[in-house]
Number of protein chains: 4
Amino acid sequence: MSSIYQGRRLSLSLFGQSHSEAVGMTLDGLPAGIAVDPEALQVFLNRRAPGRNDWSTPRREEDRPEFICGLKDGYTCGAPLTALIRNRNTRGKDYARLKEVPRPGHADYTAQLRFRGYQDHEGGGHFSGRLTAPLCVAGGVLLQELERRGIGIRARITRLAGIADLSPFETPVDQKPFPVTDDGKAAAMLDAIAAAKREGDSVGGVIECVIDGLPGGYGAPMFDGIENQIARLAFAIPAVKGIEFGSGFSGCDLRGSENNDPFPLRPEHNNAGGILGGISTGMPIVFRLAVKPTPSIAKTQNSVNLRTGEPERLQIEGRHDPCIVPRAVPVVEAVAAIAVADLILEE
Amino acid sequence: MSSIYQGRRLSLSLFGQSHSEAVGMTLDGLPAGIAVDPEALQVFLNRRAPGRNDWSTPRREEDRPEFICGLKDGYTCGAPLTALIRNRNTRGKDYARLKEVPRPGHADYTAQLRFRGYQDHEGGGHFSGRLTAPLCVAGGVLLQELERRGIGIRARITRLAGIADLSPFETPVDQKPFPVTDDGKAAAMLDAIAAAKREGDSVGGVIECVIDGLPGGYGAPMFDGIENQIARLAFAIPAVKGIEFGSGFSGCDLRGSENNDPFPLRPEHNNAGGILGGISTGMPIVFRLAVKPTPSIAKTQNSVNLRTGEPERLQIEGRHDPCIVPRAVPVVEAVAAIAVADLILEE
Amino acid sequence: MSSIYQGRRLSLSLFGQSHSEAVGMTLDGLPAGIAVDPEALQVFLNRRAPGRNDWSTPRREEDRPEFICGLKDGYTCGAPLTALIRNRNTRGKDYARLKEVPRPGHADYTAQLRFRGYQDHEGGGHFSGRLTAPLCVAGGVLLQELERRGIGIRARITRLAGIADLSPFETPVDQKPFPVTDDGKAAAMLDAIAAAKREGDSVGGVIECVIDGLPGGYGAPMFDGIENQIARLAFAIPAVKGIEFGSGFSGCDLRGSENNDPFPLRPEHNNAGGILGGISTGMPIVFRLAVKPTPSIAKTQNSVNLRTGEPERLQIEGRHDPCIVPRAVPVVEAVAAIAVADLILEE
Amino acid sequence: MSSIYQGRRLSLSLFGQSHSEAVGMTLDGLPAGIAVDPEALQVFLNRRAPGRNDWSTPRREEDRPEFICGLKDGYTCGAPLTALIRNRNTRGKDYARLKEVPRPGHADYTAQLRFRGYQDHEGGGHFSGRLTAPLCVAGGVLLQELERRGIGIRARITRLAGIADLSPFETPVDQKPFPVTDDGKAAAMLDAIAAAKREGDSVGGVIECVIDGLPGGYGAPMFDGIENQIARLAFAIPAVKGIEFGSGFSGCDLRGSENNDPFPLRPEHNNAGGILGGISTGMPIVFRLAVKPTPSIAKTQNSVNLRTGEPERLQIEGRHDPCIVPRAVPVVEAVAAIAVADLILEE
């Protein structure tokens, strides 16, 4: 059941391993008649794709989704929508030793505990960040439809390597090469990434996402609230270790009189992040995700040999991102799109 | 679907409104033969119950669960376990005006949007914190069984009104009247609550929860990871606006070489919070929840009259907690117990 | 997970044992604003209630549902709807021996295998036909709403003790004391029941159900088709061992040219039973259920003592129906109502 | 949600249309370490594949599954298992007119109602029997594992064109070209198929399935009983219009004293079909499916033009089976395998 998200209306099944024939997704429950613009989708996917710049892994993949079914003449046809993305540029030999000597901060060790040696460990297998490519296919298709319905979703980096960009999020940053509002902060963040890379290390950060245009009254109390659903989806992104809505953790330091949003609601005072009682208020939905520093680093680390039980020094050789945060920005938008589409798309 | 949690093995249905005949829960999928100790359960429930001290609402409820079915001679019998907690001390008249003039920070407004006037608005209806009472019945039953299996769950306050307790969490604090490790910090926090109360205001905080004894290898990648499931449950607690695991948001400021936990794993270096790739590592599971300041405050607030559309000044009269955080501590333990039990209890 | 039905929009949780404090149900996902007429509901429940006539168990229960929550001023309020029916007239001692010596045709034996002695065996515990009382509460509430929306559901007996009533089902028979269209056949069936009763035996039969007024286009292909959902619900009724739609098993003997319903569709030629590809055609939905003869009979039967492994002759003493079929008729309507409401009620 | 089966442990997602790039399946929740023998799988799939004999459609497909992911060195690796079967021999032009003039007995009309013209109507689209190919991939993989665990599943035709084979089902018939126990009856059935084909018509039948070796104590009461789950899966097979367990519909004509299986249970007296209270008894699970006559017939039929509303005479030109029943036999085994695997395979 692990890799299927069952929402209220939509189901999303992700499949594939980093080095299997392909990774892919099946999106079920989509209404018929949703247009899919392949070029706009590709533009979206390219924001996540690797090998485009200094801060991402040199593994270069075309990331071109091949739609197997569910589309007819450019529109969804009511049947499940399945897309594959072929894995071409794989280098299995880099990973040969990792089955015995797990990488710190990765799922190598827990995969071994759970799958008892049968797991596909190459490139992280099913745990790889590569699975966010089909997640973005699903999200990208839904973003197109949401935009048609007046719902806009945009994410940006608000913190990286300890550098915070506190400027207001007034316009999307998806056109920028590095998705940060304040260009001065962006430069400092890029310096921090470059420094970490030079030292064989990595950095993490925080991504903020805003959903505009969702009317009030969507969602539910308790286990199916908007927060619950976004959180359930967001923790499917590898490296995400925290989520907060509206004023979030910093709101805990406020008094109730400060944290409560007075009526009538205004986007300028939206500590609730657009959600009260699990239900949308009509204000923008705002959430932030904590993305840990890439666990794959060039620096030598302490590990153990699972076969012998002896400690071993591990130097990871493959190709990796010194900072996963920029590439995760469209993934966060994808996750938000899935959550919102599940609320409003009526089959 | 909103008020049913469907886990892998367990399902939990919560029902009731603040002022309905009763609130209650049905726990389905429990193995037969689990002993339920009603006295230990009552001790657990009393930690959440209102009306016991200065910082909680004067609404006093016995919070005695009445088991309707699913128990036979003190053991679960394989059938769904249903318990009711009667609502006795209700004062509906306090809430008469709130249907028209929603309380800031509450779900009054979103309930109106979604249920179009049919909602039970008294005391927050189904959105009330009172629903955490049956949540604690479910969690309390499961905590007893987990303890028999060597799994211990404990939560505490680590931050309140901006006052942080950074001391290590070495021993449970459930015996303390105020669940904080450092007694000096506890005193300062209590002062802050008292000050807020005097001023007709409220404060929020952060609760940390630790799960000891869960072996490695439980959980799943993607949407059914331990983080996903705990998050999905945790956001069912009213007032929770954020969650982080292990080093969480502060881990984003670390380098990969600092944030990665070296092997062999040790509780002293557990930035992963016991979870890698959604699967338990064998280290303690550690998470923290952001609990917003109680939205119900005595201070006059700006609201609108939903009928007339005119602005109105609102003064909330009912009985409320100046700080919900201490009472939420056992609720967090309950949520953790449900998540863990769902991982390990095989029907 | 066993006792929760998760539909697309509605969830139904049934709980209770034959001799527990109460049996009950929680219906979640109901739209707010649905009126519940308690008197009409009681009339519906009385059709299922025991102790009213010669062919049902003398166990007499009031079967008055007590609504715990989810109703406000006679309308659903958007929160889960929970109702209890108290178990008053229980006679536990009748069942003392059955834990060791299972009744043929009952779940005593399989409950022992699955719950290892912890099951509540009295009166069949959670497996008892008594659980159809809360099922009828859920169905009865939904039937009222469906009727308001122009959807009518009616069931009748078409076969009993080998006696078939092949007359067309033109008008409901819920006003009749014995729900059969042809009064002559009804008399013969009643005779057969009386004969079986005299001989300490029991008889079975077939119930037909028709759903009028469901527009075309509801349902889905594959696993979520209307047939799948009705079947999944129908087999929750104890004693049901078969289901067929439209021409069903007898349609297998027809040629395609005979079995195909020509367009335009007409109720007179509805071999599809109103469903093609899992989706409603707009014609009446028609299905039939096989209800086995009541397994509880007075005649001595062969059993084994599960403790000793020795064969034993068993004479069941409790109070039982010589024929469960008439009382199952409203239960079938309830099941149909749940399936249809799940298709059309948008929260 | 329609094309995903969510069981207790396994999830199965089917995707594809008759004439899309491929049809396929994703099986999620499989334990790691299950061996997949591709040759044995192909033998199984060939029993369903078209174009092999007189009674099936001349559309010839290789039906070779291409495993995209989830396998590592011949064993499942814990990640979702996805397989595609390419659609090669498609002839879309045969179907051009059917979008306007729906075929009686098919889902053309209901697909139009539900998907408003966006559906892929070619070859029945997502409603096509071709989707049973990936269903058989899932079932075939599971059958291999069940066999290793001592569970055997076998199906046969017991009725076709009104000709019944009542002989006991003692040995599998999967090696026979026509899966019927009694060779004399088989010959008569084949004659009936040939006669129907000559007349441009089709015939239906009944398939019986037996599951041997499932221990007692699996399953659950109410909505998750074995009957419920098998039924939910079985109605995903196009053309299935009924299901019965054990003595089924004919058991309704028996007295309780005849229909009850005495203890100790014996396969010779298994009217319960191996299930009591939704839970396995340890006896063979026995069920029968009603398969309607193939709706695609060469004979001219009455239809309507959906665009003009005018009646039209329709002659279907494509390639079709005069009898789908023999090819459905392995599909029924596949469905049974999925249901049983979901009961016993612990991830």
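Just so it is clear, the model here is predicted, and its values are computed rather than measured.

About the criteria used
Residues numbered from 1 in each chain as written. Chains lettered and ligands numbered in written order. Predicted model: local features only at pLDDT ≥ 70, side-chain atom pairs only at ≥ 80, totals over all residues. Heavy atoms only, no water. Helix = DSSP H or I, 4+ residues; strand = E, 2+ residues; numbered from the N terminus. Rg over C-alpha atoms; globule rule 2.2 N^0.38 Å. Buried < 20%, exposed > 50% of the residue type's maximum accessible area, 1.4 Å probe, protein only. Contact = heavy atoms within 4.5 Å. Least-squares fit on C-alpha atoms with pLDDT ≥ 70 in both. Buried area = accessible area lost by both parts, 1.4 Å probe. Salt bridge = Lys/Arg side-chain N within 4 Å of Asp/Glu carboxyl O. Polar contact = N/O pair within 3.5 Å; in protein donor to acceptor, adjacent residues only side chain to side chain. Nonpolar A, V, L, I, M, F, W, Y, C, P; charged D, E, K, R; others polar. Pairing = 2+ DSSP bridges. Axes fitted to C-alpha atoms, helices over the stretch in contact; angles between N-to-C directions. Arc of directions from axis to C-beta. Expected span 1.5 Å × (residues − 1). Parallel < 35°, antiparallel > 145°, perpendicular 65-115°, else oblique. Left-handed = near helix turned anticlockwise from the far one by under 90°. Phe/Tyr/Trp six-rings, centres within 6.5 Å; stacked < 30°, edge-to-face > 60°. Lys NZ or Arg CZ within 6 Å of the ring centre and 35° of its normal.

## Brief notes about the overall build of chain A
The secondary structure content of chain A amounts to 8 helices and 16 strands. For chain A, the C-alpha radius of gyration of 20 Å lies close to 20 Å, the compact-globule estimate for 347 residues. Counting only C-alpha atoms and orienting by the principal axes, one finds that chain A spans roughly 65 × 50 × 35 Å. Counting only residues that meet the buried cut, chain A has 68% of its 347 residues in that class. Sequence-distant contacts in chain A: of pairs separated by 6 or more residues, those separated by 24 or more amount to 69%.

## Looking at the relation of the copies chain D and chain C
Between chain D and chain C, the superposition needs a rotation of 180° and an axial shift of 0.0 Å, giving an RMSD of 0.0 Å. Those values place the two copies in the arrangement expected of a two-fold rotation axis. The overlap is high: 100% of the interface residues of chain D also sit at the interface in chain C, so the same surface is used on both sides.

## Details of unusual backbone geometry
Residues and elements named next belong to chain A. Between phenylalanine 263 and proline 264 the backbone carries a cis peptide bond, its omega angle lying at -5°. Inspection of the secondary structure puts proline 264 in the loop between helix H7 (256–259) and strand S12 (275–276). In this structure, aspartate 73 takes a positive phi of about 55° despite not being glycine. Looking at the element boundaries, aspartate 73 is found in the loop between strand S5 (71–72) and strand S6 (75–76).

## Considering the relation of the copies chain B and chain A
If you rotate chain B by 180° and push it 0.0 Å along the axis, it lands on chain A with an RMSD of 0.0 Å. Taken together, the interface assignments show that 100% of the residues at the interface of chain B recur at the interface of chain A, consistent with an identical surface on both copies.

## Thoughts on the interface of chain B and chain A
Between chain B and chain A, the contact holds 93 residues from the first and 93 residues from the second. Interface of chain B and chain A: buried area, both sides summed, is about 7,300 Å²; carbon and sulfur atoms make up 63% of it. Interface area lost by chain B to chain A is led by Phe223, Lys241 and Phe263 of chain B, which between them contribute 12%. One can count 10 salt bridges joining chain B with chain A. Measuring nitrogen to oxygen at the nearest pair gives 2.6 Å for the salt bridge that ties arginine 159 of chain B to aspartate 253 of chain A. Inspection of the region where chain B meets chain A yields 35 residue pairs in polar contact (both at pLDDT 80 or more). For the side of chain B that touches chain A, the per-class residue count stands at 47 nonpolar, 29 polar and 17 charged. The sheet contact formed by strand S11 (residues 240–245) of chain A and strand S11 (residues 240–245) of chain B spans 3 bridges and is antiparallel. From the neighbouring strand, glutamate 244 of chain A faces S11 of chain B, where its bridge partner is glycine 242 of chain B.

## So, the interface of chain D and chain C
Listed as interface residues are 93 residues of chain D and, on the opposing side, 93 residues of chain C. When the buried surface of chain D facing chain C is broken down by residue, Phe223, Lys241 and Phe263 of chain D rank first, second and third, together holding 13% of it. Put simply, chain D and chain C have 10 salt bridges between them. Linking aspartate 224 of chain C and arginine 232 of chain D is a salt bridge whose minimum nitrogen-to-oxygen distance equals 3.2 Å. Here chain D and chain C share 35 residue pairs in polar contact (both at pLDDT 80 or more) between them. Split into classes, the residues belonging to the side of chain D that touches chain C amount to 47 nonpolar, 29 polar and 17 charged.

## Focus on the environment of glutamate 346 of chain B
Looking at the element boundaries, glutamate 346 of chain B is found in the segment after helix H8 (325–344). In this structure the C-alpha to C-alpha distance between glutamate 346 of chain B and proline 31 of chain B, which are 315 residues apart in sequence, comes to 6.6 Å. Contact partners of glutamate 346 of chain B, with chain neighbours within four places excluded, come to Arg9 and Pro31 of chain B together with Arg9 and Glu346 of chain D. Within the local environment of glutamate 346 of chain B, its side chain forms a polar contact with the side chain of arginine 9 of chain B, the two groups lying 2.5 Å apart.

## Some thoughts on the side chain of serine 247 of chain C
Considering the arrangement of structural elements, one finds serine 247 of chain C in the loop between strand S11 (240–245) and helix H6 (248–251). Not counting residues up to four positions away in its chain, the partners in contact with serine 247 of chain C are Asn259 and Asn271 of chain C.

## Things to note about the sheet that holds strand S11 (residues 240–245) of chain D
The strand order across the open sheet formed by 10 strands is S9(C)-S8(C)-S10(C)-S14(C)-S11(C)-S11(D)-S14(D)-S10(D)-S8(D)-S9(D), and the pairing between neighbours is antiparallel. In this open sheet, the two edge strands, each paired with only one partner strand, are strand S9 (163–164) of chain C together with strand S9 (163–164) of chain D. Looking at chain direction, strand S8 (residues 152–160) of chain C and strand S10 (residues 205–212) of chain C are connected through 8 bridges and run antiparallel. Bridged to isoleucine 157 of chain C within S10 of chain C is isoleucine 207 of chain C. Along the sheet, helix H5 (residues 226–234) of chain D makes contact with S11 of chain C together with strand S10 (205–212), S11 and strand S14 (285–291) of chain D, crossing S11 of chain D at roughly 160°.

## Points about the environment of glutamate 268 of chain B
With respect to the secondary-structure elements, glutamate 268 of chain B resides in the loop between helix H7 (256–259) and strand S12 (275–276). Between the C-alpha atom of glutamate 268 of chain B and that of methionine 283 of chain B, which follows or precedes it by 15 residues, the distance is 9.6 Å.

## What about helix H1 (residues 38–48) of chain A?
All names here are of chain A. All buried positions along H1 are accounted for by Leu41, Gln42, Phe44, Leu45 and Arg48. Seen along its axis, H1 keeps its buried residues to an arc of 165°; they face one direction. Residues Glu39 and Val43 are exposed on H1 and point more than 90 degrees away from its buried face. Those residues of H1 hidden inside the fold are in contact with strand S4 (66–69), helix H3 (132–148) and helix H8 (325–344). Of the residues that open H1, the one with a side-chain oxygen 2.9 Å from the backbone nitrogen of glutamate 39 is aspartate 37.

## As for the sheet that holds strand S9 (residues 163–164) of chain A
If you walk across this open sheet you meet the 10 strands as S9(A)-S8(A)-S10(A)-S14(A)-S11(A)-S11(B)-S14(B)-S10(B)-S8(B)-S9(B), and the pairing is antiparallel. Single-partner strands in this sheet number two, and they are S9 of chain A together with strand S9 (163–164) of chain B. Packed onto the sheet, helix H5 (residues 226–234) of chain A meets strand S10 (205–212), S11 and strand S14 (285–291) of chain A together with S11 of chain B and runs at close to 160° relative to S11 of chain A.

## What to know about helix H3 (residues 132–148) of chain B
All names here are of chain B. Compared with an ideal rise of 1.5 Å per residue, which puts 17 residues at 24 Å, H3 spans 24 Å between its outermost C-alpha atoms and is within 8% of the ideal. Extensive coverage of H3 is indicated by the burial of 15 of its 17 residues. Looking one or two residues past H3, glycine 150 carries a phi angle of roughly 85°, positive in sign.

## Some remarks on the packing of H5 of chain A against H8 of chain A
When two helices pack together, their arrangement is given by the angle between the helix axes and the distance between those axes. All names here are of chain A. In the contact formed by H5 and H8, the axes pass within 9 Å of each other and the chain directions differ by 140°. Compared by their axis directions, H5 and H8 come out oblique. Judged by the sense of rotation from one axis to the other, the crossing of H5 with H8 is right-handed. Only Val335, Ile338, Ala339 and Leu343 of H8 make contact with H5, whose side of the interface consists of Ile226, Ile230, Leu233 and Ala234. Partitioning the contact of H5 with H8 into residue classes produces 8 nonpolar, no polar and no charged.

## Considerations on the packing of aromatic side chains
Note on aromatic pairs: each is described by the distance of the centres and the angle between the planes. Taken as a whole and assessed by the stated rule, the structure comprises 22 aromatic pairs over all chains. Between phenylalanine 245 of chain D and phenylalanine 287 of chain D, the ring centres sit 5.9 Å apart and the planes meet at 40°, which makes this aromatic pair tilted. Of this pair, phenylalanine 245 of chain D sits in strand S11 while phenylalanine 287 of chain D sits in strand S14; the two residues are 42 residues apart in sequence, bridging distant segments of the chain. Judged on exposure class, the residue phenylalanine 245 of chain D and its partner phenylalanine 287 of chain D are both buried. The rings of Phe235 of chain A together with Phe245 and Phe287 of chain B are connected pair by pair, giving a single aromatic cluster. For arginine 154 of chain A, the ring lying beneath its charged end belongs to phenylalanine 169 of chain A, and the centroid distance is 4.6 Å.

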